Amino acid sequence: MKLFRFDKESGRSVTHYNSNFTLARILKTETSAQISCMHLDSDGIIGLHKAVVPQLILVVAGEGWVRSDEAPKVKVQTGDAVYWEKGEGHETFTNTGLTAIVIESENLNPTAFMPPNSGSD
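Read on for a plain summary of the structure. Every chain is numbered independently, its residues counted from 1 as its sequence is written. With the structure being a predicted model, the display of local features is reserved for residues of pLDDT at least 70 and the display and counting of side-chain atom pairs for 80 or more, all residues being used for whole-chain, interface and lining totals. Each side-chain value is worked out from all heavy atoms of the structure, with water and hydrogens disregarded.

## Quick look at the overall build of the protein chain
- Put simply, DSSP marks the helices as runs of H or I at least four residues long and the strands as runs of E at least two long, and each gets a number from the N terminus on. Helix and strand counts for the protein chain come out as 0 helices and 10 strands.
- Listed N to C, the secondary structure of the protein chain is β-β-β-β-β-β-β-β-β-β in terms of helices and strands.
- The reference for a compact globule is 2.2 Å times residues^0.38; the radius of gyration itself is calculated from the C-alpha atoms. Relative to the compact-globule value of 14 Å for 121 residues, the protein chain shows a C-alpha radius of gyration of 15 Å, a close match.
- Seen through its C-alpha atoms, the protein chain measures out along the principal axes to roughly 45 × 30 × 25 Å.
- Taken across its 121 residues, the protein chain has 38% of its residues classed as buried.
- In this analysis, two residues are considered to be in contact whenever any of their non-hydrogen atoms come within 4.5 Å of each other. Taking the intrachain contacts of the protein chain between residues at least 6 apart in sequence as the baseline, contacts between residues at least 24 apart amount to 74%.
- Accessible areas in this description were obtained via Shrake-Rupley with a 1.4 Å probe; residue shielding takes into account the shown protein chains only. When the accessible surface of the protein chain is totalled, it reaches about 7,000 Å², and 49% of it is carbon and sulfur.
- Distance between charge centres in the protein chain, computed from 11 positive and 15 negative side chains, equals 7 Å. Relative accessibility under 20% of the residue-type maximum defines a buried residue, over 50% an exposed one, and the middle range a partly exposed one, all with a 1.4 Å probe and only protein chains included. Only four residue types enter the tally: Lys and Arg on the positive side, Asp and Glu on the negative side, with His and both chain ends excluded. Charge coordinates come from a single atom per side chain, which is NZ of Lys, CZ of Arg, CG of Asp or CD of Glu.

Here it is, written out as structure tokens:
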């Protein structure tokens, strides 16, 4: 499991074409990708299972915990991203609710775009 950031502070200012915004890049894929949104209510859980393909979750609202196989749980919140390799066991749960975008693809490489979080392996 690797932890990344995509919050405003990890982005860069864009001013081209009279723009004024912050861009936090996430990834670029060369192969097909499936992108979904997960909504976990209070006490929601995505039970421990093996990742079928590399998987990246982007927490867009709320907070919760993630873990990998037998590793201890790690707190995540809005702006955090978590990456799991193919075959890695993983679980996500929350006491108060959590919404996340999930990207699944054979060739994910979030390290090319996102800065690591201080809790990263």
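## Points about the packing of aromatic side chains
- For Phe, Tyr and Trp, rings pair up if their centres lie within 6.5 Å, where Trp contributes its six-membered ring, and each pair is then called stacked (planes under 30 degrees apart), edge-to-face (over 60) or tilted (otherwise). Counting across every chain of the model gives 0 aromatic pairs.
- Two conditions define a charge located above a ring, namely a distance within 6 Å from the ring centre to NZ of Lys or CZ of Arg, and an angle within 35 degrees of the ring normal. Between Lys73 and the ring centre of Trp65, over which it is positioned, the NZ or CZ distance is 4.6 Å.

## Re the nonpolar core
- Counting residues in each nonpolar core, the largest one holds 13 residues, and the members touching the most others are Ile57, Val66 and Val82.
- Among the secondary structure elements, those contributing two or more residues to this core are strand E4 (34–40), strand E6 (55–68), strand E8 (80–84) and strand E10 (98–104).
- Aside from chain neighbours lying at most four places away, what touches Val82 is Met1, Lys2, Leu3, Gln55, Leu56, Ile57, Val66 and Val76.
- Listed in part, the 9 residues of the second largest apolar core include Phe4, Leu56, Ala81 and Leu108. Side-chain atoms within 4.5 Å are what join buried Ala, Val, Leu, Ile, Met, Phe, Trp, Tyr and Cys residues into a set we call a nonpolar core.

## Let's talk about the side chain of Asp80
- Mapped onto the fold, Asp80 is located in strand E8.
- Among buried charged residues, Asp80 stands out as having no salt bridge; its nearest opposite-charge side chain is Arg5, 5.9 Å away.
- Side-chain atoms alone can form a polar contact between residues adjacent in sequence; in general such a contact is a pair of N or O atoms within 3.5 Å, and within protein one must be able to donate a hydrogen while the other accepts it. From its side chain, Asp80 meets the backbone nitrogen of Gln77 in a polar contact 2.9 Å long.
- Residue contacts for Asp80: discarding those within four places in its chain leaves Phe4, Phe6, Ile57, Leu58, Val59, Lys75 and Asn117. Whenever Lys or Arg places a side-chain nitrogen within 4 Å of a carboxyl oxygen from Asp or Glu, that contact is recorded as a salt bridge.

## Here's the deal with the pattern of salt bridges
- Taken as a whole and judged by the stated rule, the model has 5 salt bridges.
- Here Arg5 ties to Asp7 by a salt bridge, and the two come within 3.1 Å at their closest N and O atoms.
- Overall, Asp7 belongs to the partly exposed group, its relative accessible area being 22%.
- One salt bridge connects Glu63 with Lys75, and the closest N-O pair in it is separated by 3.6 Å. With a gap of 12 residues between them, Glu63 in strand E6 and Lys75 in strand E7 (residues 74–77) connect regions that are remote in the sequence.
- Residue Lys75 is classed as partly exposed on the basis of its relative accessible area of 43%.

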